[in-house]
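Fold and geometry: a report
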Amino acid sequence: MKFTLSWLKDHLDTEATVDEIAEALTDLGLEVEGIENPAERLSAFTICRVIEAKQHPNADRLRLCRVEAWVEGERQEVQVVCGAPNARTGLVGVFAPVGTHIPGTGVDLKPGVIRGEASNGMLCSEREMMLSDDHEGIIELPGDAPLGARFVDWLAEHDPARVDPVIEIAITPNRPDALGVRGIARDLAARGLGVLKPHEVKPVPGRFESPIRVQIDPALKEGGCPHFTGRLIRGVRNGPSPQWLQDRLKAIGLRPISALVDITNFFTYDLNRPLHVFDADKVKGNLRIHAAAGGEALVALDEKEYRMPEGVMVISDDSGVESIAGIMGGMPTGCTDETVNVFLESAWWDPIAIAKAGRALKINSDARYRFERGVDPAFTEPGLEAATAMVLELCGGEPSQVVADGAAPVEDRAYRLDTDRVVSLVGMEIPAEEQRRTLKALGFRLEGDMAHVPSWRPDVQGEADLVEEVARIASLTRLEGKPLARADAGVARPILTPMQRREGIARRTAAALGYNECVTYSFIDRESAALFGGGDDATMLENPISSEMSHMRPDLLPGLLQAAARNQARGFMDLALFEVGPAFTGGEPGEQYTEVAGLLVGHAAPRDPHGSRRPVDIYDAKADAEAVLAAIGAPARAMIRRGAPDWWHPGRSGQISLGPKNVLAVFGELHPRVLRALGVKGPAVAFTVYPERVPFPKAKGTTRPALELNDLQAVERDFAFVVDEDVEALTLVNAARGADKALIEWVRLFDEFTGEKARAQMGEGKKSLAITVRLQPREKTLTEKDIEAVSAKIIEKVAKATGGVLRG
Amino acid sequence: MDDLRQKYLSAIAGAADEAALEEIRVAALGKKGEISLKMRELGRMSPEERKVMGPKLNALKDEINSALAARRAALADAALEERLAAEWLDVTLPGRPRPQGTVHPVSQVTEEIIAIFADMGFAVAEGPQVESDWYNFDALNIPPHHPARQEFDTFYMYRAEGDERPPHVLRTHTSPVQIRAMEAHGAPIRVIAPGRVYRSDYDQTHTPMFHQVEGLAIDRDISMANLKWVLEEFCRAFFEVDHVELRFRASHFPFTEPSAEVDLRCSWKGGQLKVGEGDDWMEILGSGMVHPKVLKAAGVDPGQWQGFAFGLGIDRLAMLKYGIPDLRAFFDSDLRWLRHYGFAALDVPTLHGGLSR
């Protein structure tokens, strides 16, 4: 919303400066977004006189001027080379000294030499000062203009519209009343920045009966259009509107069109009262306000053709739809310079109906913007009367009687002003009398402690709204903080849930393992989602910002892989990336879970003199998955199973699970097809951990189990077995451990011997696995015989479980 | 006797190696060594003579033995020194590589925020990111077709043909968590709700996903003045300065009344933000007293309870505090960016140790 200072002063009697007004507006909740004050950019320009202008010795079209100028208050004689045809001896004009920023050219003026003659300043045209597009010549002022005075001051006195500051404010959706200059003035007056001038509307008596009558369809009278008024004014002279009106409209960025149209725009911005004018000679029969059947065509005033969606409110005459109600009129009945009989419309449209229609038609107009926020319903007919008076004044003519249907939908709402509650909610001492004064100044009518809401404030719907009005006029800037006592006295208690802690621990563990944390978008493209079991319609966005971000991610890995591909494109080939965040199983609220995903690409270390560099492999991913699981409290002995989802390498991936169903984590190589699709150059291994699936401890205790230390000598024995190549190490280890659960403290695999050499030594399809078994006696030292007995049992168990034999 | 002592001690001192020492030992103390022979002669001496010579010879023997041992140790040390000197390694070679992981600034700053509010008794609440339009809008006093709804640039979820429910949305703010938290816990309540939010906007300064933290405090007599104090304390702690100044400006949010935009006094010099000084005001958050309709929607009686809510941009706070220039880079996962702006795994922000290093 834009307006000028002089426009504001039409409604507000004030001595306040632009800056004071701007500060108050922002504080009142009408946030100033910009002030364009011509006075600021023109302050260096002063009034000067050309003492003598003569021909430039070296240029036909240039003149050499001796100028009586004032620079920083000092009278000086300055030589200026000037190309303007009207530069002549005795001219009183506008001078810019060296150093001035010339707004029209965007250049800072420098001393110059033009064709061999010094030029130390400029005689200015209107365009150079951005006052108009006029560049025919330099400005000529009357001979009695005060030499040395600031040009802006002269303008302010003689042509104030040229230096009228333009203020632009942001209007929050609750304040339709501030979409008119008068509403803004009312707020400022309530704040005490001036006095709101009275605004009286005198009805204009009709001289004849309007030949055009209006009728609202009964169905709409209940809802969409409760009140429609209009009247014919015959014998008007349309044409350009007066300069002051054109200046106003131009200042706020509107194009003057014709007096009739400019009047409607003026009312829109002055009083938040949108109007429409039909050329009455183009209207066939009467006007009917009704819901569109759907499909009717209309070329609107923006010269585009629209097809009416079913139910949109329209105004029709005998030839069909002529106006999109409350949004935009139609070209066929629009006013032109030739219009002599005009039908003026002032109606009230339901905000929701207008909002829906505006969205369906995708039309953004000043009328829609205002009606969907709420126009004062009590001002429909007064608005018509006031506009009639302005038409008569600017265009002449003779008004008909008012034709109307329906009635103003004004409801008298009143809410209790509880002055104590205001103080309690805001936490600021605002005297009760001050509170009442504020509401009255805003147009509320107080009966006892009941505040009746003015018709132009549709947003005020309860007591809380009264509090807001009182608080903002009193100024929240004055609010002083008051300590909020702790809810519980004493040392602050922990507040994180076990899952929230778990997420943080998982994150810092992954970072400690050398991974860099990423935050990638929750939505990805359909193809990438599909590679990870997602990409269905349930997780699709209706209005994605691009096809790259169309589906909620089913997993964190595709986002990390895309990040890896981007980094590879930048030349970073060894990567360790992780993310902790939501993955989505469906499109309903709650169909999401937290995942920790880690991705290793390339080599585990850079090249170095120690030979540390080696490609990452699944045992890196497995160790990291296990480390994260251990950190968040997963039990040490989980199962390792195959059967990971199909974005993993089928032979090189595993699931860490508790029982057959509860998968805590997956690790492995990513499927080459997935890497190719996402443009990642391998090797790439990854893990995903599902922290919510790790059982939470039932009760929190801090006591550790007692430490059992044994002084008896432990014994370690190594065994190497020859087994079939497809025997899994864990089967063998578990079999060995089962040989004597009391005596065997642990079993560790320390060697795997496979490949050509192994087959050559041990036979086709064979490999060797070697384990260390640690025996920890608890009652007496082991004898060689005891050890032999356990060893035999281990060999037997392993043979039974794996078919393996001790390697000779 | 003294000659003998002098002879052997100087021979020991001059011995170059273990073999020479052994030769000296044999010559002096071996079976036929000079001193051994002299000791054998003791038997032939008179008791008086023996009484004098015996101790003398024994002392000499002990002294030579000690000298031999000392010299032997010295030679061994010298030999070790020589060997170690040959075992030279280039200590300027790099150590074995250890990978350096990092924590993303959004995570770090979220933890900082949690640490501060936890001290003021706020718990952490969470809610779904795909949200029903009721929680995201209606319950927050943003009715359908209200112009305020259009200002959110909402992402809608697809609705299958025949499913006539209003489409779900990607939550446009963390405010729906207010409703869910009050439904779950009632009043009094103090929570913050950090998390991802989504708006259909992508340019220099906007990304379609970003992070907010919601704050909610409801009790019998919480006022806007309390809100101001809480935010002042938060900003002071978060920006790690001794003093901050906030300015409340009236504004409008459908879910609070009165509503205020909050500006922070600061200065910008050479791209450096200084909080608590200067003449600039920077808008940092929106806030207000929870609207009675919102309390009612969440099942809390507005006649009994009142309180405040606020919403802060986490990414923006991170940018301000750590001088990170571009929001879009937060979600680009450029390794150089992650390493430069990321935090060490063990840099857990705490109030007692300080939020940042």
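About the thresholds
Residues numbered from 1 in each chain as written. Chains lettered and ligands numbered in written order. Predicted model: local features only at pLDDT ≥ 70, side-chain atom pairs only at ≥ 80, totals over all residues. Heavy atoms only, no water. Helix = DSSP H or I, 4+ residues; strand = E, 2+ residues; numbered from the N terminus. Rg over C-alpha atoms; globule rule 2.2 N^0.38 Å. Buried < 20%, exposed > 50% of the residue type's maximum accessible area, 1.4 Å probe, protein only. Contact = heavy atoms within 4.5 Å. Areas by Shrake-Rupley, 256 points an atom, 1.4 Å probe, with all protein chains shown as cover. Lys, Arg positive; Asp, Glu negative; His and termini not counted. Charge placed at Lys NZ, Arg CZ, Asp CG, Glu CD. Salt bridge = Lys/Arg side-chain N within 4 Å of Asp/Glu carboxyl O. Polar contact = N/O pair within 3.5 Å; in protein donor to acceptor, adjacent residues only side chain to side chain. Nonpolar A, V, L, I, M, F, W, Y, C, P; charged D, E, K, R; others polar. Patch = residues over 30% accessible without salt bridge, like charges linked within 9 Å, V, L, I, M, F, W, Y side chains within 5 Å. Pairing = 2+ DSSP bridges. Disulfide = S-S within 2.5 Å.

**Focus on the overall build of chain A**
Looking only at helices and strands, chain A features 22 helices and 42 strands. Taking 28 Å as the expected radius of gyration for a compact globule of 808 residues, we find that chain A reaches 42 Å, considerably beyond that expectation. C-alpha extents for chain A along the principal axes are approximately 125 × 80 × 60 Å. By residue count, 51% of the 808 residues in chain A fall in the buried class. A fraction of 69% describes how many contacts in chain A between residues 6 or more apart in sequence connect residues 24 or more apart. For chain A, the computed accessible surface area is about 37000 Å², with 50% contributed by carbon and sulfur atoms. Taken as two groups, the 95 positive and 119 negative side-chain charges of chain A have centres that lie 7 Å from each other.

**Topic: the interface of chain A and chain B**
Each side of the interface is counted separately: chain A has 92 residues, and chain B has 96 residues. In this assembly, chain A and chain B are joined by 8 salt bridges. Here R570 of chain A ties to D332 of chain B by a salt bridge, and the two come within 2.7 Å at their closest N and O atoms. In this assembly, chain A and chain B are joined by 47 residue pairs in polar contact (both at pLDDT 80 or more). At the level of secondary structure, the elements contributing two or more residues to the side of chain A that touches chain B comprise α2 (18-28), α9 (351-361), α12 (419-426), α14 (463-474), α15 (498-512), β30 (516-517), α17 (557-569) and β33 (575-584) of chain A. A breakdown of the residues in the side of chain A that touches chain B according to their chemical character gives 44 nonpolar, 22 polar and 26 charged.

**Looking at a negative patch on the surface**
All names here are of chain A. There is a patch of like negative charges on the surface, built from D19, E20, E23 and E40. Counting residues per element, the negative patch draws most heavily on α2, which supplies 3 residues. Overall, the relative accessible area of 58% leaves E40 in the exposed class.

**Quick notes on the environment of H101 of chain A**
Residue and element names in this part refer to chain A. Mapped onto the fold, H101 is located in strand β8 (residues 101-102). Exposure remark for H101: the relative accessible area of 42% places this residue in the partly exposed category. Along the backbone, H101 and I354 are 253 residues apart, and their C-alpha atoms lie at a distance of 47 Å. With residues near it in sequence (within four places) discarded, H101 still touches F45, G106, V107 and D108. Only 2.7 Å separates the side chain of H101 from the side chain of D108, close enough to count as a polar contact.

**Brief notes about the environment of F343 of chain B**
All names here are of chain B. Along the polypeptide, F343 turns up in the segment after α12 (335-341). We classify F343 as buried; its relative accessible area is 13%. Separated by 206 residues in sequence, F343 and F137 have C-alpha atoms that sit 36 Å apart. Aside from chain neighbours lying at most four places away, what touches F343 is G101, T102, V103, P105, Q108 and Y322.

**Some details on the pairing of strand β7 (residues 92-96) of chain A**
Residue and element names in this part refer to chain A. Most of β7 sits out of view: 5 of its 5 residues are buried. As paired strands, strand β4 (residues 46-55) and β7 are joined by 4 bridges and run antiparallel to one another. If you follow T46 over to β7, its bridge partner there is F95. Looking at chain direction, β7 and strand β12 (residues 122-123) are connected through 2 bridges and run antiparallel. Of the residues in β12, the one forming a bridge with F95 is L123.

**Comments concerning the pattern of salt bridges**
All names here are of chain B. Scanning all chains against the criterion turns up 77 salt bridges over all chains. With a closest N to O distance of 2.8 Å, R247 and D263 form a salt bridge. Of the two residues, R247 sits in strand β6 (residues 246-253) while D263 sits in strand β7 (residues 256-269), which places them 16 residues apart along the sequence.

**Focus: the environment of M499 of chain A**
Residues and elements named next belong to chain A. Position of M499 relative to the elements: it lies in helix α15. The spacing of M499 and P431 is 68 residues in sequence and 49 Å in space, taken between C-alpha atoms. Excluding its chain neighbours within four sequence positions, the residues that come into contact with M499 are T594, P691, E692 and F696.

**With respect to the state of the cysteines**
Inspection of the entire model under this criterion finds 0 disulfides over all chains. The thiol of C65 of chain A is unpaired, and the distance to the nearest cysteine sulfur, on C82 of chain A, comes to 5.1 Å.

Without other data, these values stay purely geometric and don't point to any function.
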